Amino acid sequence: AAKRAKGPAPEFETNSVPHRILLAQGLPEHYTDGNLKRYFDSYRGFKEVRVVPGKQLAFIEFSDNVSATQALKALDGFSLSTTDRLHLTYAKKG
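Analysis parameters
Residues numbered from 1 in each chain as written. Predicted model: local features only at pLDDT ≥ 70, side-chain atom pairs only at ≥ 80, totals over all residues. Heavy atoms only, no water. Buried < 20%, exposed > 50% of the residue type's maximum accessible area, 1.4 Å probe, protein only. Helix = DSSP H or I, 4+ residues; strand = E, 2+ residues; numbered from the N terminus. Pairing = 2+ DSSP bridges. Arc of directions from axis to C-beta. Contact = heavy atoms within 4.5 Å. Phe/Tyr/Trp six-rings, centres within 6.5 Å; stacked < 30°, edge-to-face > 60°.

*Asks:* How should I be thinking about the pairing of strand β1 (residues 21-25) in this particular structure?
*Replies:* For a regular strand, side-chain orientation follows a simple rule: the groups alternate between the two sheet faces. Among the five residues in β1, five count as buried, and that is most of the element. Here β1 shows a buried face lined by Ile 21, Leu 23 and Gln 25 and a second buried face lined by Leu 22 and Ala 24. Direction of pairing for β1 relative to strand β3 (residues 57-62): antiparallel, over a ladder of five bridges. Counterpart to Ala 24 in the pairing with β3 is Ala 58.

As structure tokens, then:
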């Protein structure tokens, strides 16, 4: 079997089905709920951020799909630092 070439950017999960919870991927290792909250708390419908320890990902909850979509469109690809970008997608329902 052919080995997959490792590119500079990891592949991130994507889900285009709107959901009130967003998934943030590829976060810097030191990121906390508070670090992320400051980016989202000005958006209508924001409820909470939950960083998953050791996984470099977080879930950002909004009150409805429309509010989550507004934040996703505004912040996906946002620079968190000189080397890190915010990768957002809709969380999978389940």
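Now that the structure has been shown, we can carry on.
*Asks:* Can you walk me through helix α1 (residues 33-40) in this structure?
*Replies:* Given 3.6 residues to a turn, an α-helix orients residues that are three or four positions apart in the same direction. Among the residues of α1, Leu 36, Tyr 39 and Phe 40 are the ones counted as buried. End-on view of α1: buried residues confined to an arc of 90°, all on one side of the axis. Packing partners of the buried residues in α1 comprise β1, β2 (46-52), β3, α2 (65-75) and β4 (87-90).

*Asks:* Sorry, what's going on with the packing of aromatic side chains here?
*Replies:* Both the distance between ring centres and the angle between the ring planes are used here to describe each pair of aromatic rings. With the rule as written, the count across this model stands at three aromatic pairs. An angle of 75° between the planes, with centres 5.9 Å apart, marks the rings of Phe 46 and Phe 62 as edge-to-face. Of the two residues, Phe 46 sits in strand β2 while Phe 62 sits in strand β3, which places them 16 residues apart along the sequence. Comparing Phe 46 with Phe 62, the two get one shared label, buried. Among the aromatic residues, those joined into a ring-pair cluster are Phe 40, Phe 46 and Phe 62.

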